[in-house]
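Examination of the molecular architecture
Residues per chain are reported as follows:
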Amino acid sequence: MVREAKNEDLKSLLDLYLCLHEETIPEDTEKLQGTWTKIIKDENHHIIVNEVDGMIVSSCVCVIIPNLTRGIRPYAFIENVVTHRDYRKRGYGSECLAYAKEIAKENNCYKIMLLTGSKMEETLHFYEKAGFNSNDKTAFVQWL
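Attention in this report is confined to the structure presented alongside it. (Residues numbered from 1 in each chain as written. Predicted model: local features only at pLDDT ≥ 70, side-chain atom pairs only at ≥ 80, totals over all residues. Heavy atoms only, no water.)

**With respect to the pattern of salt bridges**
On inspection of all chains with the given rule, the structure shows 6 salt bridges. Here Lys6 makes a salt bridge to Glu8, at a shortest N to O gap of 3.9 Å. For Lys6, a relative accessible area of 38% corresponds to the partly exposed category. When the shortest N-O distance is used, the salt bridge between Lys105 and Glu102 registers 3.7 Å. Taken together, the positions of Lys105 and Glu102, both in helix H3 (residues 92–106) and 3 residues apart, correspond to about one turn of that helix. Judged by relative accessible area, which is 52%, Lys105 ranks as exposed. In this structure Glu102 comes out as partly exposed when scored by relative accessible area, which is 39%. In this structure, a network of salt bridges that share partners links the residues Arg3, Asp9 and Glu51. (Salt bridge = Lys/Arg side-chain N within 4 Å of Asp/Glu carboxyl O. Buried < 20%, exposed > 50% of the residue type's maximum accessible area, 1.4 Å probe, protein only. Helix = DSSP H or I, 4+ residues; strand = E, 2+ residues; numbered from the N terminus.)

**A few points about the sheet that holds strand E5 (residues 112–114)**
With mixed pairing, 5 strands are arranged side by side in an open sheet as E1-E2-E3-E4-E5. The sheet terminates laterally at strand E1 (2–4) and E5, the two strands that pair on one side only. Averaged over neighbouring strand pairs, the angle between their axes works out to 30° when direction is ignored. The sheet contact formed by E1 and strand E2 (residues 45–52) spans 3 bridges and is antiparallel. Along E2, the bridge assignment pairs Arg3 with Val49. The sheet contacts of H3 involve E1, E2, strand E3 (55–65), strand E4 (75–83) and E5, and relative to E3 the element is tilted by about 25°. (Pairing = 2+ DSSP bridges. Axes fitted to C-alpha atoms, helices over the stretch in contact; angles between N-to-C directions. Contact = heavy atoms within 4.5 Å.)

**Points about the side chain of His46**
In this fold, His46 is placed in strand E2. Given the relative accessible area of 9%, His46 is considered buried. Among the polar contacts made by the side chain of His46, one reaches the main-chain carbonyl oxygen of Glu43 at a distance of 3.1 Å. Residues contacting His46, with those up to four places away along its chain left out, are Glu4, Cys60, Val61, Cys62, Ile64 and Ile103. (Polar contact = N/O pair within 3.5 Å; in protein donor to acceptor, adjacent residues only side chain to side chain.)

**Points about the packing of aromatic side chains**
Centre distance and the angle of the planes are the two values used to describe a pair of aromatic rings. Scanning the model with the defined rule gives 3 aromatic pairs in all. With a centroid separation of 6.4 Å and an interplanar angle of 75°, the aromatic rings of Tyr75 and Tyr110 are classed as edge-to-face. Of this pair, Tyr75 sits in strand E4 while Tyr110 sits in the loop between H3 and E5, and the two are 35 residues apart along the sequence. Its end group placed over the ring of Tyr75, Lys111 keeps NZ or CZ at 5.4 Å from the ring centre. (Phe/Tyr/Trp six-rings, centres within 6.5 Å; stacked < 30°, edge-to-face > 60°. Lys NZ or Arg CZ within 6 Å of the ring centre and 35° of its normal.)

Purely geometric stuff here, so don't read any function into it on its own.
Next up, the structure:
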């Protein structure tokens, strides 16, 4: 079942992020709880999860960014796309991306962007199959 994350999903989401690039789960501190509360309450910040038998197996983040160009239409940015290793190639990640696309449409976005650090052909094909292309834009990242 694809849905937006709820307050009680934090622990499950952090566990899933171990399949992304995290090596440990952050300590349950005031900073973590404050950040989580800020995310959950932000109407432009959507954490999408796919739940199977009570377990969150896939997720992505979709942020709607207000914009002064393109007829003052916002755009959507997708980040942290992840599926648990044991649940890959079953369509769960694609369902999360499709849900994000619907959120973008509901918010009158003129485009959706995402970045991936992966160079793996199957990952790139996954994004292409979901409707994204790597021809229209060139991405640059500066790590802080």
